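Fold and geometry: a report
So the chains spell out like this:
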Amino acid sequence: MLLALDAAEKAELNGDVPVGCVVIHPEHGLVASAFNRREAVQDPTAHAEVLALREASARLGRWRLSDCTLYVTLEPCFMCAGALVNARVKRVVYAASDSKAGACESLANVLSDARLNHRCEVSRGILEEPARLQLQSFFRAKRKKRIQE
């Protein structure tokens, strides 16, 4: 999760919401590291999780990531949760919950929905405090800047 928090800092430096993500393979170790890039590339799908899944798939040469664990600093949204299920990710670990868009436990349980063809193991709250503080600081600064303009 520390690597994901480091990646999140890069997003913030680029003016994006500080969400970072890494994918770990049991034999190859770190196979992907990504951060939000929606603002940088003007792409609504450029979430850290989606970018990390693309990178992991390219490095491993396959789209099925059934032996991988994904660590992300914020609870995945519906789009990302769907991508995680479609990639057959084994385990998802996230730091902070997202009461407005979280689709792992906050608003829905996409990753554990028995109606879907795959379910991911889910762990939450790992390094929650630093992830939450990073996000709060980002949005506080953004609001302050807007008020000053």
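Scroll up to find the structure.
Because the structure is predicted, anything quoted here is derived from the model rather than measured.

**Regarding the environment of Ser112**
- The topology assignment puts Ser112 in the loop between β4 (91–96) and β5 (121–124).
- A residue is classified by how much of its surface remains accessible, and Ser112, at 42% relative accessible area, is partly exposed.
- Measuring from C-alpha to C-alpha, the distance between Ser112 and Val85 comes to 9.1 Å, with 27 residues separating the pair along the chain.

**What to know about the packing of aromatic side chains**
- Evaluated as defined, the whole model comprises one aromatic pair.
- Relative to Phe139, the ring of Phe138 lies with its centre 5.1 Å away and its plane at 80°, an arrangement referred to as edge-to-face.
- Assessed through its relative accessible area of 9%, Phe138 is described here as buried.

**Some points on the sheet that holds strand β2 (residues 29–35)**
- Taken together, the five strands give an open sheet; going across it, the order is β2-β1-β3-β4-β5, and neighbouring strands pair in mixed fashion. Taken across any chain shown, the strands that pair with only one partner, and hence form the sheet edges, are β2 and β5. Geometrically, the sheet is characterised by an average inter-axis angle of 15° between neighbouring strands, direction not taken into account.
- The sheet contact formed by β4 and β5 spans four bridges and is parallel. Residue pairing for β5: Arg91 is matched across the bridge by Glu121.
- Strands in contact with helix α3 (residues 48–60) are β1 (20–25), β2 and β3 (69–74); relative to β2, the strand with the most contacts, it is inclined by about 145°.

What counts and how
- Residues numbered from 1 in each chain as written.
- Predicted model: local features only at pLDDT ≥ 70, side-chain atom pairs only at ≥ 80, totals over all residues.
- Heavy atoms only, no water.
- Helix = DSSP H or I, 4+ residues; strand = E, 2+ residues; numbered from the N terminus.
- Buried < 20%, exposed > 50% of the residue type's maximum accessible area, 1.4 Å probe, protein only.
- Phe/Tyr/Trp six-rings, centres within 6.5 Å; stacked < 30°, edge-to-face > 60°.
- Pairing = 2+ DSSP bridges.
- Axes fitted to C-alpha atoms, helices over the stretch in contact; angles between N-to-C directions.
- Contact = heavy atoms within 4.5 Å.

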